[in-house]
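Residue-level listing of the chains:
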Amino acid sequence: MKKIFVKGIKGGTGTTSVVANLACALRKSHETVYVIDLNPKSDIGLHLGLAWDHLLGWSDYADFASASEQFHQDNDGVTFLPYGSGSNTKSSFKDIINHCQQLHDSDDAWFLFDCPAHINALEYPLDSEDIFLEVINCDAICHSLMYKQLNFLKQSGSSWQHYFLTNRFNSASELESDLLQLWQSELPLFAPLYINKDEAIMEATAFRNVAINCAPYSVANDDFETLAGWLVSRANNNES
């Protein structure tokens, strides 16, 4: 199984929309894709066609076997498990991650985990083949947080593949362009691609969908197809 963990370096970086669009981009390449929502905000369903008033998810059940009835599938064939609204669950996100291996088609599947910003990467059961994407925006706060995170990762001796992924890049902003150029030239662990700011992503969310479907000729569509292709190449390198 190929595990991709996606987390914002801070709240509000657009992590959930990245997860949903990336999942659909991978699925259109005929990959088996699971999305697991680990964020108590439980927003992933809003991008994948789940009814606005659906509140149940894995956190409302005592164990993974019971929670499996909350797996849903969108029109593209992406299978996803919402977080839900429960607070007294006996299952932890670590249990959910580990139990994903029990799914019958997990060996060749992609698992995308939508992670909350406040939980650090060290809290997850990560293997050396796993990829951890930390989503950033081109602003001064993310700039400061990235250097702190790099120092933390160096001290922790992380063994997984960790990358910073720029989201909502506005090429018309001189500040954002300067920051991106600086990061590309100086920062290690910086993903060699970025997601442009595109109104199509927000418009698609209003229809409980993703830009990949609502705007197939958009910049966002091209960006997420490129991201999916890059991750496939990374995963193939891990297997070789």
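Please read all numbers here as calculations on a predicted model, not as lab measurements.

**Examining the pairing of strand E2 (residues 33–37)**
Piece 1. E2 sits mainly inside the fold: five of its five residues count as buried.
Piece 2. Side chains Val 33, Val 35 and Asp 37 of E2 all project onto a buried face; the interleaved residues Tyr 34 and Ile 36 project onto the opposite face, where all are buried too.
Piece 3. Bridge count for E2 against strand E5 (residues 110–115) is five bridges, and the pairing is parallel. Residue pairing across strands places Ile 36 opposite Phe 113, the latter belonging to E5.
Piece 4. In the sheet, E2 pairs with strand E4 (residues 79–81) via three bridges, with the strands oriented parallel.

**As for the side chain of Asp 130**
Piece 1. Summarising the element assignment, Asp 130 is placed in the loop between E5 and strand E6 (131–136).
Piece 2. Here the side chain of Asp 130 touches Lys 3 through a polar contact of 3.4 Å, side chain to side chain.
Piece 3. Apart from residues lying up to four places away in sequence, Asp 130 is in contact with Lys 3, Phe 5, Pro 125, Trp 160 and Gln 161.

**A short note on the sheet that holds strand E3 (residues 72–73)**
Piece 1. The strand order across the open sheet built from eight strands is E3-E4-E2-E5-E1-E6-E7-E8, with neighbouring strands paired in mixed fashion. Unpaired on one side and paired on the other, E3 and strand E8 (190–196) mark the two borders of the sheet.
Piece 2. Where helix H1 (residues 15–27) meets the sheet, it contacts strand E1 (2–8), E2, E5, E6 and strand E7 (161–169), and its direction lies at approximately 170° from that of E5.

**Describing the packing of aromatic side chains**
Piece 1. One pass over the structure, following the stated rule, counts 13 aromatic pairs.
Piece 2. Relative to Phe 71, the ring of Phe 64 has its centre 6.2 Å away and its plane inclined at 75°; by these criteria the two rings are edge-to-face.
Piece 3. Here Phe 71 falls in the buried class, since its relative accessible area comes to 19%.
Piece 4. Taken together, a centroid distance of 6.4 Å and an interplanar angle of 20° make the contact between Phe 111 and Phe 113 stacked. Grouping residues by exposure puts Phe 111 and Phe 113 together as buried.

**Here we look at the nonpolar core**
A general feature of soluble globular proteins is that nonpolar side chains tend to end up buried together.
Piece 1. The biggest cluster of nonpolar side chains holds 40 residues, and the ones touching the most others in it are Leu 112, Leu 133, Phe 224, Leu 227 and Leu 231.
Piece 2. When sequence neighbours within four positions are dropped, the list of residues in contact with Phe 224 reads Ser 17, Val 18, Asn 21, Leu 22, Ala 25, Ile 195, Ile 201 and Ile 212.
Piece 3. The next biggest cluster of nonpolar side chains, apart from the first, holds 27 residues, and it includes Ile 96, Phe 113, Cys 115 and Leu 153.

**Concerning the environment of Ser 218**
Piece 1. By secondary structure assignment, the location of Ser 218 is in the loop between helix H7 (211–214) and helix H8 (219–239).
Piece 2. Each C-alpha atom of the pair Ser 218 and Ser 156 lies 40 Å from the other, and the pair is 62 residues apart in sequence.
Piece 3. Not counting the four nearest positions on each side in its chain, Ser 218 is found in contact with Asp 198, Ala 200 and Ala 211.
Piece 4. In this structure the side chain of Ser 218 is engaged in a polar contact, spanning 3.1 Å, whose partner is the backbone nitrogen of Asn 221.

Definitions and limits used
Residues numbered from 1 in each chain as written. Predicted model: local features only at pLDDT ≥ 70, side-chain atom pairs only at ≥ 80, totals over all residues. Heavy atoms only, no water. Buried < 20%, exposed > 50% of the residue type's maximum accessible area, 1.4 Å probe, protein only. Helix = DSSP H or I, 4+ residues; strand = E, 2+ residues; numbered from the N terminus. Pairing = 2+ DSSP bridges. Polar contact = N/O pair within 3.5 Å; in protein donor to acceptor, adjacent residues only side chain to side chain. Contact = heavy atoms within 4.5 Å. Axes fitted to C-alpha atoms, helices over the stretch in contact; angles between N-to-C directions. Phe/Tyr/Trp six-rings, centres within 6.5 Å; stacked < 30°, edge-to-face > 60°. Core = buried A, V, L, I, M, F, W, Y, C linked by side-chain atoms within 4.5 Å.

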